[in-house]
Amino acid sequence: MRDLSRCVVHPAVSHEGFASLSVPTYRASTIVFEDAQAYTNRKYRGPDGYTYGLHGTPTTRTLEAQLTALEQGERTVIVPSGQAGITIVFLSVLLPGDHVLIPDTAYPPCRGFCENYLKPRGIEYTVYDPLVGGGIAALIRDNTRLVWMESPGSTTMEFQDVPAIVAAAKARGVLTGCDNTWATPLLFKPLAHGVDFSSEALSKYVGGHSDLLMGSISVRDVALFRRLKDTMRMIGIGVSPDDCALALRGLETMGVRLGHVGRVATEFAQRLVDLPATERVLHPSLPTCPGHENWKRDFAGCSGVFSVVLRPEANPVIEEAFGVLKTFAIGASWGGTRSLVVPMAIKADRVATDWKDEGTILRISVGLEDPADLWADLEALFAALAAPVPAGR
Ligand SMILES: *Cc1c(COP(=O)(O)O)cnc(C)c1O
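Residues numbered from 1 in each chain as written. Predicted model: local features only at pLDDT ≥ 70, side-chain atom pairs only at ≥ 80, totals over all residues. Heavy atoms only, no water.

Visitor: So, the packing of aromatic side chains: which residues are in play, and what are the values?
Guide: Here the structure, examined in full by the defined rule, presents ten aromatic pairs. Residues Tyr 205 and Trp 334 carry aromatic rings whose centres are separated by 5.5 Å and whose planes lie at 50° to one another, so their mutual orientation is tilted. Separated by 129 residues along the polypeptide, Tyr 205 in the loop between strand 6 (197-201) and strand 7 (215-219) and Trp 334 in the loop between helix 11 (318-321) and strand 10 (340-344) bring together distant segments of the chain. We note Arg 42 situated over the ring of Tyr 39; from NZ or CZ to the ring centre the distance is 4.0 Å. (Phe/Tyr/Trp six-rings, centres within 6.5 Å; stacked < 30°, edge-to-face > 60°. Helix = DSSP H or I, 4+ residues; strand = E, 2+ residues; numbered from the N terminus. Lys NZ or Arg CZ within 6 Å of the ring centre and 35° of its normal.)

Visitor: Hey, could you go over the state of the cysteines for me, with residue numbers and the actual values?
Guide: Inspection of every chain in the model, using the stated rule, returns zero disulfides. Its sulfur unpaired, Cys 289 is 8.9 Å from the next cysteine sulfur, which belongs to Cys 302. (Disulfide = S-S within 2.5 Å.)

Visitor: Please give an account of the domain arrangement of the protein chain that cites residues and values.
Guide: Under the domain assignment, the protein chain is made up of domain 1 (18-249) and domain 2 (255-386). For domain 1 and domain 2, the distance between their C-alpha centroids amounts to 28 Å. Each partner contributes residues to the interface: domain 1 has 34 residues there, and domain 2 has 37 residues. Summed over both partners, the interface of domain 1 with domain 2 buries about 3,000 Å², with 60% contributed by carbon and sulfur atoms. Inspection of the region where domain 1 meets domain 2 yields one salt bridge. Residue Asp 161 pairs with Arg 297 through a salt bridge whose shortest N-O separation is 2.8 Å. Taken together, domain 1 and domain 2 are joined by 18 residue pairs in polar contact (both at pLDDT 80 or more). If you list the elements that add at least two residues to the side of domain 1 that touches domain 2, you get strand 3 (124-128) and helix 7 (184-187). With three residues, the top contributor of residues to the side of domain 1 that touches domain 2 is helix 7. Looking at the side of domain 1 that touches domain 2 residue by residue, the classes come out as 14 nonpolar, 14 polar and six charged. (Domains from an automatic or database assignment. Contact = heavy atoms within 4.5 Å. Buried area = accessible area lost by both parts, 1.4 Å probe. Salt bridge = Lys/Arg side-chain N within 4 Å of Asp/Glu carboxyl O. Polar contact = N/O pair within 3.5 Å; in protein donor to acceptor, adjacent residues only side chain to side chain. Nonpolar A, V, L, I, M, F, W, Y, C, P; charged D, E, K, R; others polar.)

Visitor: Residues and numbers for the sheet that holds strand 9 (residues 305-310), please.
Guide: Taken together, the four strands give an open sheet; going across it, the order is 8-9-11-10, and neighbouring strands pair in antiparallel fashion. Single-partner strands in this sheet number two, and they are strand 8 (278-282) and strand 10. Sheet twist, expressed as the mean angle between neighbouring strand axes with direction ignored, is 20°. This element, helix 9 (residues 241-272), spans strand 8, strand 9 and strand 11 (361-365) of the sheet and lies at about 10° to strand 9. Packed onto the sheet, helix 12 (residues 371-386) meets strand 8, strand 9 and strand 11 and runs at close to 175° relative to strand 11. (Pairing = 2+ DSSP bridges. Axes fitted to C-alpha atoms, helices over the stretch in contact; angles between N-to-C directions.)

Visitor: Tell me about the site of the ligand, and name the residues and values.
Guide: Every residue close to the ligand is listed here: Ser 81, Gly 82, Gln 83, Tyr 107, Glu 150, Asp 179, Thr 181, Ala 201, Ser 203, Lys 204, Leu 213 and Trp 334. Interatomic distance of 2.7 Å between a backbone N/O atom of Gly 82 and an oxygen atom of the ligand. Notes on the ligand: free accessible area 390 Å², of which the protein chains cover 90%. A per-class count over the shell around the ligand returns four nonpolar, five polar and three charged. (Near = heavy atom within 4 Å. Areas by Shrake-Rupley, 256 points an atom, 1.4 Å probe, with all protein chains shown as cover.)

Visitor: Would you mind going over the pairing of strand 6 in detail, with residue names and values included?
Guide: In terms of burial, strand 6 is a largely internal element, five of the five residues being buried. Both strand 5 (residues 175-179) and strand 6 contribute to a ladder of three bridges, which runs parallel. When the sheet's bridge partners are listed, Cys 178 is paired in strand 6 with Ser 198. Here strand 6 pairs with strand 7 via four bridges, running antiparallel. Considered in strand 7, the bridge of Ala 201 is made with Gly 215. (Buried < 20%, exposed > 50% of the residue type's maximum accessible area, 1.4 Å probe, protein only.)

Visitor: Any details on the nonpolar core? Residues and values, ideally.
Guide: Counting residues in each nonpolar core, the largest one holds 76 residues, and the members touching the most others are Leu 63, Trp 182, Phe 306, Phe 382 and Leu 385. The element contributing the most residues to this core is helix 9, with twelve residues. Looking at which domains feed residues into this core, each of domain 1 (18-249) and domain 2 (255-386) supplies at least three. Among residues more than four places away in sequence, those in contact with Phe 382 are Leu 272, Leu 275, Ala 277, Thr 278, Val 308, Leu 310 and Leu 362. Core analysis: the next-biggest nonpolar cluster, separate from the first, contains 29 residues, Val 77, Ile 86, Val 219 and Met 232 among them. (Core = buried A, V, L, I, M, F, W, Y, C linked by side-chain atoms within 4.5 Å.)

Listed below in structure tokens is the structure:
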């Protein structure tokens, strides 16, 4: 072999005795075949086989298999974002003339996708009350193909009656999907409750360090897995094995991270109830949380994200009050090591339900800083929120 060839042909080295605890990062576009016949027959390797780097490498497959086991499913596909975890399900199930039901509290870009992408292509959608339960039956039409859920709802924390919705959908032969990002498969397993598609924004707790964008969709029915893989192949999307390696690393510590932030968030939620600026705390451990009974029945615990509805008198001082924060960062996409807080106004976004509160909602994500520093921040923030508005405002 001459030098120019040596530059591109890697020598085989021994793997003997190399036993590492980490998953190797296998990067690839080209996959080579042992002979021409194997290449010709590559499509018979099926969606689990290796044919092209875009469709997965052993690194991707390891992450898929680990999530499949946690979700108690049969297969998982990895997609480039949590939002893609929603849209790839919708694109795999829905054809022109079909209808999908989404909750009023869905991650907002989900509704944006229905309104601005699906609707112009002849796919209808209806927004429903997340607490409808078995009443979803009355909203299912002959052309309904999918009932989407997100439990708890984004920002307002409604815990849905997933088993009742699944039963009503199944009775009509309609598929169901659930965005399970808040709970992760450690706290809730949608597939075990009969849901067909469990979607996770791995960008949040699985990644866990605010440096990764990724999503997953897990299923029990291998036929649905094939439909998801077909959609991804036709659109031409996949996920980098380097990113999958980060997700695999994040997953290893997710249990302790989630346990810690769940305990601290529960403690904070209970203390915040009594502060003067608080109207209501939306945390599943409190009976005032919408769907609290569903959470108690179906979930194994709490993650670190919850919301506080402020008294409307705090509205004029919010922006100034945020200036007191020393440890909390202000930003979206929770689930990392840093604690986050953002003010949210959702009233105008609700169409199937009537949100009565005029006060701003604080969305809080507890991270891994010392809880004493975090509580000092929250106390200062809530004191500033409760301060009387200076005269002349
Ligand atoms: C963040 C989030 C998503 C979207 O995840 P990205 O990776 O940011 O696209 C979807 N659903 C829920 C519930 C989320 O919180």
